[in-house]
Every structure is written in structure tokens, then in C-alpha cells.
Amino acid sequence: MRWTITLIADAMSFEELEHTADIRVRVKAGSLEDLFSEAARALMVIMYGVADPGTMRLHVEVQGRDTISLMHAFLSEVLFVSEVKEMVVSGAKVRLSGIDLEGVLCGEVFSREKHLSGMEVKGISFSDLSIVRDNHTYTLEVTFDV
Amino acid sequence: MLQGITRIGPFEWEVPVGFVAGMRVPGRFFLSDQLVETLEPGAVQQLANVATMPGIVKNSLAMPDIHWGYGFPIGGVAAFGMDEGVISPGGVGFDINCGVRILSTPLSVKDLTKKRELLEDLFAAVPTGVGAKSTLRLDAKELTGMLTNGARWAVKHGYGIEEDIRHCEEQGALANADPSAVSQKARQRGMPQSGTLGAGNHFLEIQVVQEIYDQEAARAFGISAGQICVMIHCGSRGLGHQVCTDHLKILEAATKKFGITLPDRQLACAPLSSPEGRAYFGAMASSANYAWANRQVIMHMVRGVFARMFSLAYEEMHLIYDVAHNVAKFEEHQIDGRRIKVCVHRKGATRAFGPGSPNLPAEYDQVGQPVIIPGSMGTSSYLLHGTEIAMDRTFGSTCHGAGRVMSRTKAKKQLSGHEVKEALARKGILIRTHHNGAIADEAPDVYKPSDEVVRVVHEAGISRYVARFTPLGVIKG
């Protein structure tokens, strides 16, 4: 068990892929823990246009049945938190234990002056949600319903 | 056309059993030659995937606005038998009862001398966009009332009149809603968002009746050429989204528990009679009711603005009808000569019940149900009526809109929100939004031509033209 400190970089760690109706993104990271963090940030950038580091911190705990459903549960939780706590998540410090995830979400308070240039995400789709490891790179592809 | 798909009528195509392993029934979809070019292989694959689900009856169907979604394709319709059948959030979507309603006014274009002012007043009255907060102050009990009684809750609390309820699909509330199946998380999201328009493709539009095709039906629906109307498009907001997320997880486990094999995890489902299936239905119906209440409250705000600005009486503005686009419902249909109760899933499709169908108000009984098809921003919207052919061929269903052809990524790269806004202004269509990015994303060019989609459902007979509306002012979330 270890804590991974995610570095919040300005550079985009994800790219948008072609999808007619919704938003599909590909996220890359050097570890599975970082992949969760970067996936959260990708979701927030899609929703709010920017996801800058801030002083807000929130504890997060989710479970899945496998890594795919764990990612689904985690991103769904980030979506929930962002809406209910009015938090724009810029990353996460997470630890993984099998199909359990525990950690801290980092970010800033939502502001209608700053965060209106994205689009509302309704949910995280299971369709074609994939996580692939290639040597030292983990790649996530996921579709956000908008 | 994709290999293996055969044409079975001027506007109808069949996906044979075997196109995807495990299909139980053929798939069928409606498209014209012009729209065939827009058909995505992924959407056909999803249509075929639906045909593998247990208890599916007759056909897996898609309307001419078919496009690639998740789980079901957008435009997908499927009915499941009560004994063997299943229920799936993938056949409803995250935005449960995303739907549309249209309100008529006694005004004509010449009355709209202050269109910009009207649009600004509507924008101020209706909470719109990401993070917008409700002006309603709901407690837990009132939210439960909303989840149980839908539009009836809103009318009871002064947000409408009795006639409004009769002019909603299902009278604005699905029976057997079970608010106890709606999680605290969903309630937390729903509480501050009731009576808000939302964002994305949701909109509020001032329109004029441009053309009447069927005078008798138009009379029954209470509209005439030149009349000003208001269209409202939104759904169950974060509450419905959370219900879908919560129950997707439950139904994923149920899929495994009941030994159901599926080609897509988003099609996670459970038998209709199972505790998991019943819980999802109860929560989904609650969310649908929340959406009906939501549209009712928004329409009340719109009526308030028109009443103030034009000195109109509330009762002079009539709800023509309200339809759901994303929902699963129990309905009776004639199948193989027998009347059978089924669970019809419509995901990006509209109910289009024909004349004499149960559940229609007396004033629409001879004509059939009003069917509202919103166009993309800046293009025509249509009012149609349901038909016997729809009852026979599509479980009383038709299209729900134009259907996207351009990804949002491409739209953002190719189109400037400011330029789209200016181009529409030159056509006399004013747009009001918090951010121009939302305009590029929903520009007319990213959708199939709504005229052609509607022509297909008219020619195929699964609904028939009544009137065409053109936009004058649009509020985008």
C-alpha cells in the first residue's frame, strides 16, 4: 500500500477522441494511481473548461468489482462531488487495494465566473470503457455522456 | 449500406439475426437514401446488441435520428415481455425523461416588438447553465411528493393549471414510482436543481408557427399559422443522472447474478420481476416524475414572463403537449394478434400513439397524440401526430430530434460560437447563453437536417405532419 502524490501539470494528459453524441477521452499515466487522478482532471476540464489546483480537499472512498468498474465508480463519485460540493477537482491522491480505492480529491471551489466554458456531463458510460497497460504506461479510454 | 443489412421498404432496413452473435430478433431501422450516408457502423452494432437482450419482443428498432450512443443507440426502441423480459438503464440513458413540451400563446410575430427584452427576461427568470440554482426551496418531503406525483405535484403547488396535466404523456406522472429507491446522493443532486433548465442540448425557444400541414389536427391541438409558441427541452437533471449511475452498478451485479450474457456492460439489466429490476423501475419512474415537474415549473416561469410583458392571462397560454424522450414504461401493444403488456424502452425516441389509443386526452382522441420534434438550434421544429402504423410497427414510437452527425470535438474545432451566433442573428434568430462555446457545440451544422429526419417518419407513416415552427429566440444552457 502506498500513497501516490500526483503532480498537477499544466500540460494536458488526455486527448479527446471522435464521438458523435458524447465526449470520449484517452488518458495516459505512468501508474494506475496516477491514471485515476488524471482521469478525474480530464472529466473536470471537459465539464468546466479548466481544473486548476486549489486548497479544497475531500476524502474519497469507492469500490468496484474489477478495475474497470472501480474507475467507473471513482469518476461517478468525482462527478457527484463536483456537483454537490461545488468543487472543481484538479487531481487526486489515491491508494488502491485490489478493488478498493481510498484517497483525497484536490481542487478549487466552482465559480460561475471561471468555470462556465465546459459542458455538463450527465454520467460515465461503461460502453467501451477500457484500461490498457503497455510497459510503464496506463491508458484509459472512457465516454462521458453530455 | 453496411454489409448484411437489407432494405425491406422505401424507408425501412433490416439487420438480420446473426449480425451480432446472440441476437434473438432482427433489428430494424428507418432511414432515407439521403440519411444513409450519416449512418455510423457503431450505431448499427448497438442496435444489434440490444437484440441479444433476454425477452426482447418482435424487433430491436431505431428511428431515423439513429446515432452512436452508449448501450442502446440514440433513437433506439425495444419492448420486453413481462415473463422473460428485462429492464436496463442502458435503454433509457442518464437523463431520464429528458423530454420536450410546447406552450402556445395568443400572440403573433407583430406582437414581439421587444424580442431581445423578452429573451433577457426569460433568461433571468429560468435558471440556466452549469451550476445554476433553483429558486424553489424544497424539503425532503416535498421532493418525495415531486418524485411521486410529477407534474401533478407542480400544479398542486400553483405551478400550472389542471389542463396542463391532461396534456402530458402519462398525465405527467408514471405510476408505481418508488422514491425509496432513489438514493440520498440523487436527492442531494436533485434538491437544488428542480426548476432549472440545465446545459448541453437543453434549451428554451421562442418559436412561430410557420406552416400548417394538417388543419384538422392543428385545430385539435389549438394552433394556427403565425402563432407564437415556446418550446422547453430538459430532463431530470442531476437526480436522474445519479439514479442511472447508482442502478447501473446494481444491475451490473444483477446481470451476473442472473447469468445474462451481454455484449456491452452499459446494457446491464435484470429481469422485470426481479428485486433489482423493480427497484430500477421505481427509481427511474421517480426521476421521470421529477423531470415532468421540472418542465412544469419552468413553463410556469415562462408564463409569468409572458403574462407580465404582454398582459396575458395565465389561462391564455396552453400547454399543447409534453413528451418524454428517454424512458421505460409498461404499455399494452398488439403483437402477433394478441394484446400484450410489455416494457417499452425509448432512448432518444418519442411515443407516438395513434387515434383512439388509451392515455390520450379526449380532445386529441380523434387525431392521435401530439408528437413534438425539436430541430437543432436555428432550424425548424415540428409538431406531428401519432398513427396506427406506429402502433403496428414501432410500439407507437417515432424519432425525437435531428440526431448528431458531427462530434463535439470537431464542432469546437470547426465552428466559432460567436460566428454561429452572428449568422443566426442575421436570420432574425437571437441566442442567449452564458458562454458562446455552448453555441458552437449545438450549431445547426452538427446535426442531421431535421427536415429530412421528420420527412422519413412522415413518409414511413409512423407519425404525420401537423405543423412546422421556426425559431425566433433561443436560450441555451
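Definitions and cut-offs
- Per chain, residues are indexed from 1 in the order of the written sequence.
- Naming scheme: in the order in which they are written, chains are lettered from A and ligands are numbered from 1.
- Whole-chain, interface and lining totals are the exception, using all residues; otherwise, since this is a predicted model, local features are given only for residues with pLDDT of at least 70 and side-chain atom pairs are given and counted only at 80 or more.
- To get the side-chain values, all heavy atoms of the structure are used, and hydrogens and water are removed first.
- Whether two aromatic rings pair depends on their centres lying within 6.5 Å, for rings of Phe, Tyr and Trp, where Trp uses its six-membered ring; planes under 30 degrees apart make the pair stacked, over 60 edge-to-face, and the rest tilted.
- Strands are runs of DSSP state E lasting at least two residues, helices are runs of H or I lasting at least four, and both sets are numbered from the N terminus onward.
- Note on classification: 1.4 Å probe, protein chains only; a residue is buried when its accessible area is under 20% of the maximum for its type, exposed when over 50%, partly exposed between these limits.
- Note on criteria: charge over ring means Lys NZ or Arg CZ within 6 Å of the ring centre, with the direction from the centre no more than 35 degrees off the ring normal.
- Domain limits in this description derive from either an automatic procedure or a database domain assignment.
- Here, two residues are considered to be in contact whenever any of their heavy atoms come within 4.5 Å of each other.
- In short, buried area is how much 1.4 Å probe accessible area vanishes from two parts on joining, totalled over both.
- Should a side-chain nitrogen of Lys or Arg be within 4 Å of a carboxyl oxygen of Asp or Glu, the pair is scored as a salt bridge.
- For the purposes of these results, a polar contact is taken to be a pair of N or O atoms within 3.5 Å, where, inside protein, one atom must be able to donate a hydrogen and its partner to accept one; residues adjacent in sequence count only when each atom of the pair is a side-chain atom.
- Strands were regarded as paired on the criterion that DSSP finds at least two bridges between them.
- Simply put, an axis is a line fit to the C-alpha atoms, just over the touching stretch for a helix, and the angle between two N-to-C directions goes from 0 to 180 degrees.

## A few points about the packing of aromatic side chains
Logical step 1: Enumeration according to the criterion identifies 11 aromatic pairs over all chains in this entry.
Logical step 2: With centroids separated by 5.4 Å and ring planes inclined at 70°, the aromatic side chains of Phe36(A) and Phe74(A) adopt a geometry described as edge-to-face. Of this pair, Phe36(A) sits in helix H1 (residues 32-48) while Phe74(A) sits in helix H2 (residues 67-84); the two residues are 38 residues apart in sequence, bridging distant segments of the chain. For the pair Phe36(A) and Phe74(A), a shared accessibility class is recorded, and that class is buried.
Logical step 3: Ring plane angle 50° and centroid distance 5.5 Å describe the contact between Tyr70(B) and Phe94(B), whose orientation is recorded as tilted. Pair noted here: Tyr70(B) is in strand S4 (residues 56-70) and Phe94(B) is in the loop between strand S6 (86-87) and strand S7 (99-108), with a separation of 24 residues, a long-range link. With respect to class, Tyr70(B) is no different from Phe94(B); both count as buried.
Logical step 4: The rings of Tyr213(B), Tyr382(B) and Tyr465(B) are connected pair by pair, giving a single aromatic cluster.
Logical step 5: If you follow Lys341(B) out to its NZ or CZ, it ends over the ring of Phe330(B), 5.3 Å from the centre.
Logical step 6: The ring of Phe353(B) carries Arg351(B) above its face, with NZ or CZ at 4.3 Å from the centroid.

## Comments concerning the domain arrangement of chain B
All names here are of chain B.
Logical step 1: Assigned domains of chain B: these are domain 1 (6-405 + 447-476) and domain 2 (406-446).
Logical step 2: Inter-centroid distance (C-alpha atoms) of domain 1 to domain 2 is 24 Å.
Logical step 3: Between domain 1 and domain 2, the contact holds 23 residues from the first and 20 residues from the second.
Logical step 4: When domain 1 packs against domain 2, close to 1,900 Å² is buried across both sides, 54% of that on carbon and sulfur atoms.
Logical step 5: On inspection of domain 1 and its partner domain 2, the count reaches one salt bridge.
Logical step 6: Note that Glu120 and Arg432 form a salt bridge whose closest N and O atoms lie 2.9 Å from each other.
Logical step 7: The tally of links between domain 1 and domain 2 comes to eight residue pairs in polar contact (both at pLDDT 80 or more).
Logical step 8: Breaking the side of domain 1 that touches domain 2 down by element, the ones donating at least two residues are helix H3 (115-125) and strand S19 (464-476).

## Observations concerning the pairing of strand S5 (residues 72-81) of chain B
Residues and elements named next belong to chain B.
Logical step 1: For S5, the tally of buried residues reaches 10 of 10 residues, placing the bulk of the element in the interior.
Logical step 2: Here S4 pairs with S5 via six bridges, running antiparallel. Looking at S5, one finds that Leu61 is bridged to Val77.
Logical step 3: In textbook terms, the turn of a hairpin is the stretch between consecutive antiparallel strands, and for S4 and S5 this stretch comprises one residue, one of which, Gly71, has a positive phi near 70°.
Logical step 4: With six bridges connecting them, S5 and strand S13 (residues 338-347) associate as antiparallel partners. When the bridges of S13 are listed, Val77 appears paired with Arg346.

## Looking at the sheet that holds S4(B)
Residues and elements named next belong to chain B.
Logical step 1: If you trace the seven strands from one edge of the open sheet to the other, you get S1-S2-S3-S4-S5-S13-S12, paired in mixed fashion. With partners counted over all chains shown, the strands left at the sheet margins are strand S1 (6-9) and strand S12 (326-335), one partner each. The sheet shows a mean angle of 30° between the axes of neighbouring strands, taken without regard to direction.
Logical step 2: Strand contacts of helix H2 (residues 41-50): strand S2 (12-15), strand S3 (27-30), S4 and S5, with the helix running at about 155° to S4, the strand carrying the most contacts.

## Comments concerning the pairing of strand S15 (residues 370-373) of chain B
Residues and elements named next belong to chain B.
Logical step 1: Burial along S15 is two-sided: the face carrying Pro370 and Ile372 and the face carrying Val371 and Ile373 are both buried.
Logical step 2: Relative to strand S16 (residues 381-385), S15 runs antiparallel, the two being bridged by four bridges. Looking at the pairing, Val371 lines up with Leu384 of S16.

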